[in-house]
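Structure at a glance
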Amino acid sequence: MVEAVLIDLFSLPANLQNNIQGLLHNSLAAIEKCSSIHAPFVYVMCCQRQRSERKGEQEFLLPALRGFQSLKRRLEVVCAQTTAAALYTVKQRLDEKDLSIIKVILPALRKDLMKVYIDHLFTAVYQFEFDDLQVVSDSGSLQISEHHREGQTLPSQDVAFIRSEIQMYLESLPSLKGELTILRSSLIPDDIFLHGFTTRTGGISYIPTLSSCNLFSSSKRRDPTVVVKENLRRLANTAGFNPEAFHRVKVDHANAVCIMGKTEPDNYDGIVTNQKGVTLAAPGADCIPVLFADPVRRACGAAHSGWKGTLLGVSMATVNAMVSEYGCNMKDILVVLGPSVGPCCYKLPHESAKEFHRIDPKCVRLFDSASPYIDIRRATRILLERGGILPENIQDDSITDQNQNITFCTACHPDKFYSHFRDGTNFGTQIGFISIKD
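Note that the coordinates shown come from a computational prediction; the quantities given were computed from them, not determined experimentally. (Residues numbered from 1 in each chain as written. Predicted model: local features only at pLDDT ≥ 70, side-chain atom pairs only at ≥ 80, totals over all residues. Heavy atoms only, no water.)

1. Let's talk about the overall build of the protein
Put simply, the test is: Think of it this way: any DSSP run of H or I at least four residues long counts as a helix, any run of E at least two long counts as a strand, and we number them from the N terminus. The criterion used for residue contact is that any of the two residues' heavy atoms lie within 4.5 Å. Exposure was quantified through the Shrake-Rupley algorithm and a 1.4 Å probe, taking into account, for residues, occlusion by the shown protein chains and nothing else.
Of the regular secondary structure elements, the protein holds eleven helices and 18 strands. Sequence separation of at least 24 residues holds for 71% of the intrachain contacts in the protein that already meet a minimum separation of 6. When the accessible surface of the protein is summed, it comes to about 19,700 Å², and 49% of that surface belongs to carbon and sulfur atoms.

What follows is the structure, given as structure tokens:
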């Protein structure tokens with residue numbers, strides 16, 4: 001069942017005012033007639049002309065809006081100077097109400113353009129269907145490539161224009177939830193390495209569980225790749241790295257490691273390099289983002305360590321890759337565990353808890369319960385020390401930084417961090433990142 005209807009009047013010229021009012025009236029009448037049981041939310045998207053106020057646009061459309069009592073409280077006119085701005089505003093309205101099934105009514109010649117905007121600004125969480133808005137117009141009445149017809153591939157310059165318009169709009173948006181904040185460890189020497197762990201502030205993601213500096217997009221969440229890319233651009237500007245030389249692990253909750261410069265595996269939870277200016281990153285939203293640095297051999301790495309990766313030894317796999325690929329000495333490697341869910345909050349079924357109990361009984365609290373509390377940080381430290389990393393070269397919640405705490409519990413600090421455990425499926429993600437300075 002359609003939950004929302006978007007009527008796209010954006011490209012219709014202002015000199016067709018009477019025609020636009022008639023089209024809108026007819027569209028609303030059809031919606032009202034077909035929605036007697038469940039009235040959908042209706043958004044009318046139109047162009048805000050130069051020096052035109054939103055109020056003026058709405059007043060212009062009022063004659064067509066009058067009389068639709070069943071839609072009255074569910075009807076909104078969205079005016080903006082660009083399609084990207086108008087559609088992103090509509091997306092915010094949809095997300096406020098958790099709506100996902102949308103019918104788009106628009107001129108036929110506008111459909112393929114709109115699909116490109118939608119592909120960039122929405123994810124697979126949303127379902128769209130399209131109906132034609134019957135418009136009789138001359139060749140100059142629609143803002144669309146002169147030789148394009150519906151169903152044909154859009155010219156590359158049109159797609160490039162859309163991407164540029166979206167990027168410029170997102171760059172213009174204010175940061176949310178305060179300034180962008182980066183946590184840094186004094187264990188990693190800042191004259192050699194650039195590194196940090198992000199928090200949730202300073203980005204543009206607006207959905208509560210993703211707000212605001214979400215740094216991961218997936219088909220199951222409502223933050224599109226373009227928003228995550230803008231958040232990353234802002235992080236890169238603040239931290240001082242090149243976002244075009246940024247490499248994030250491809251999470252598989254296992255122990256494969258990617259060696260930069262060699263064939264990239266399909267999935268991997270660890271990544272290492274000795275190349276200057278290349279930024280490596282590992283995500284975390286309860287799982288541990290782990291950073292590795294060897295100031296002697298000037299090599300670094302990052303790993304994503306959830307409970308499965310911890311048991312599979314992903315951190316030592318990353319260390320071993322640095323040793324074998326770059327000749328690192330185990331005694332020189334520094335390891336910092338970033339914000340992650342603590343043993344205060346994290347539970348696993350008893351069968352999984354047994355594996356952590358075998359590593360060390362202190363890794364499990366209330367072992368005899370059906371869902372014991374698990375300390376994946378302690379387990380990671382123990383496995384690293386057993387592998388040859390010096391205890392004083394590991395920073396976690398048992399060894400805090402004198403200047404700044406790094407290993408917070410993500411579930412306990414909703415103002416600072418994202419947490420899958422706390423927030424559910426539409427959760428945001430922070431990262432740990434590291435690079436070798438030029």
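There is more to say after this.
2. Quick word on helix H4 (residues 111-121)
At 3.6 residues per turn, the α-helix brings residues three or four places apart onto the same side. The condition is simple: Three exposure classes are used, based on accessible area relative to the maximum for each residue type with a 1.4 Å probe and protein chains only: buried under 20%, partly exposed in between, and exposed over 50%.
Judged by how many residues are buried, H4 sits mostly within the fold: nine of eleven residues are covered. Lys111, Asp112, Leu113, Met114, Val116, Tyr117, Ile118, His120 and Leu121 are the residues of H4 that are buried.

3. A look at the pairing of strand E13 (residues 299-305)
Note the cut-off: Strands were regarded as paired on the criterion that DSSP finds at least two bridges between them.
Among the seven residues in E13, seven count as buried, and that is most of the element. Residues Ala299, Gly301, Ala303 and Ser305 point to one face of E13 and Cys300, Ala302 and His304 to the other, with burial holding for every one of them. Direction of pairing for strand E10 (residues 270-273) relative to E13: antiparallel, over a ladder of four bridges. Along E13, the bridge assignment pairs Val272 with Gly301. Bridge count for strand E12 (residues 288-294) against E13 is seven bridges, and the pairing is antiparallel. Within E13, the residue paired with Val290 across the bridge is Ala303.

4. Regarding the pattern of salt bridges
Note the cut-off: A pairing counts as a salt bridge when a side-chain nitrogen of Lys or Arg comes within 4 Å of a carboxyl oxygen of Asp or Glu.
Using the criterion set out here, one finds 21 salt bridges in the structure. With a shortest N-O distance of 3.0 Å, Glu351 and Lys354 are connected by a salt bridge. Here the residue Glu351 and the residue Lys354 both occupy positions in helix H9 (residues 350-359), the gap between them amounting to three residues, near one helical turn. Exposure remark for Glu351: the relative accessible area of 53% places this residue in the exposed category. A residue is classified by how much of its surface remains accessible, and Lys354, at 30% relative accessible area, is partly exposed. Note that Arg381 and Glu385 form a salt bridge whose closest N and O atoms lie 2.7 Å from each other. One end of the pair is Arg381 and the other is Glu385, both in helix H10 (residues 376-387) and four residues apart, which spans about a single turn. Look at Glu385 and you get partly exposed, because its relative accessible area is 33%. Salt bridges sharing partners connect three or more residues here, namely Lys91, Asp95, Asp98 and Arg222.

5. Comments concerning unusual backbone geometry
Glycine aside, residues mostly have negative phi angles, and peptide bonds mostly take the trans form. Of note, the bond from Ser211 into Ser212 is cis; its omega dihedral lies within 30 degrees of zero at 5°. By the element assignment, Ser212 lies in the loop between strand E7 (193-198) and helix H6 (225-239). In this model, Lys177 sits at a positive phi of 65°, which is unusual for a non-glycine residue. Relative to the helices and strands, Lys177 is located in the loop between helix H5 (156-172) and strand E6 (182-183). What makes Lys177 exposed here is its relative accessible area of 58%. In this model, His253 sits at a positive phi of 55°, which is unusual for a non-glycine residue.

6. Quick look at the packing of helix H3 (residues 83-96) against H5
Threshold: Note on method: axes are straight lines fitted to C-alpha atoms, helices fitted across the in-contact stretch only, with angles between N-to-C directions ranging 0 to 180 degrees. Throughout, a crossing is termed right-handed when the near helix is turned clockwise from the far one, and left-handed when it is turned anticlockwise from it by less than a right angle.
Where H3 meets H5, the axes come as close as 8 Å, and the angle between the chain directions of the two elements is 65°. Both H3 and H5 take part in a crossing whose hand is right-handed. Counting all contacts with H3, which are made through Thr83, Ala84, Ala85, Tyr88 and Thr89, the residues of H5 involved are Glu165, Ile166, Tyr169 and Leu170.

7. Some details on the side chain of Asp286
Where we set the bar: Neither His nor the chain ends is counted toward charge; the positive residues are Lys and Arg and the negative residues Asp and Glu. A 3.5 Å cut-off defines polar contacts: any pair of N or O atoms within that distance qualifies, except that in protein one atom must be a possible hydrogen donor and the other a possible acceptor, and neighbouring residues in sequence count only when both atoms are side-chain atoms.
Structurally, the position occupied by Asp286 is in the loop between strand E11 (279-284) and E12. Arg422 is the oppositely charged side chain nearest to the buried, salt-bridge-free Asp286, at an N-O distance of 6.4 Å. Reaching out from Asp286, the side chain makes a polar contact with the side chain of Ser419 at a distance of 2.9 Å. Only 3.0 Å separates the side chain of Asp286 from the backbone nitrogen of His420, close enough to count as a polar contact. For Asp286, the residues in contact, after removing those within four places along its chain, are Ser340, Val341, Ile376, Thr410, Ala411, Tyr418, Ser419, His420 and Phe421.

8. Quick word on the packing of helix H8 (residues 314-326) against H10
Selection rule: Only Asp, Glu, Lys and Arg are considered charged, only Ala, Val, Leu, Ile, Met, Phe, Trp, Tyr, Cys and Pro nonpolar, and every remaining residue, Gly among them, polar.
The contact between H8 and H10 brings their axes to 9 Å, and the two run at 35°. The hand of the H8/H10 crossing is right-handed. Where H8 approaches H10, its residues Ser315, Met316 and Val319 are matched on the opposing element by Thr380, Leu383, Leu384 and Gly387. Classifying every residue of the contact of H8 with H10 by side-chain character gives four nonpolar, three polar and no charged.

9. Examining the sheet that holds strand E18 (residues 430-436)
If you trace the five strands from one edge of the open sheet to the other, you get E6-E7-E18-E11-E8, paired in mixed fashion. Edge positions in the sheet fall to E6 and strand E8 (246-248), since each has one partner strand and no second. Relative to E7, E6 runs antiparallel, the two being bridged by two bridges. When the sheet's bridge partners are listed, Leu183 is paired in E7 with Phe197.

10. Regarding the environment of Phe128
On the secondary structure map, Phe128 appears in strand E5 (residues 127-132). Sequence-wise, Phe128 and Val2 are 126 residues apart; in three dimensions their C-alpha atoms are separated by 9.1 Å. Sequence-distant contacts of Phe128, that is, excluding residues within four places in its chain, are made with Ile102, Val104, Ile118 and Phe122.

11. Details of the environment of Glu230
Considering the arrangement of structural elements, one finds Glu230 in helix H6. For Glu230, a relative accessible area of 4% puts it in the buried group. Beyond its immediate chain neighbours, meaning those up to four positions away, Glu230 contacts Leu170, Glu171 and Ile204.

In short, the description is geometric, and any link to function would need to be established separately.
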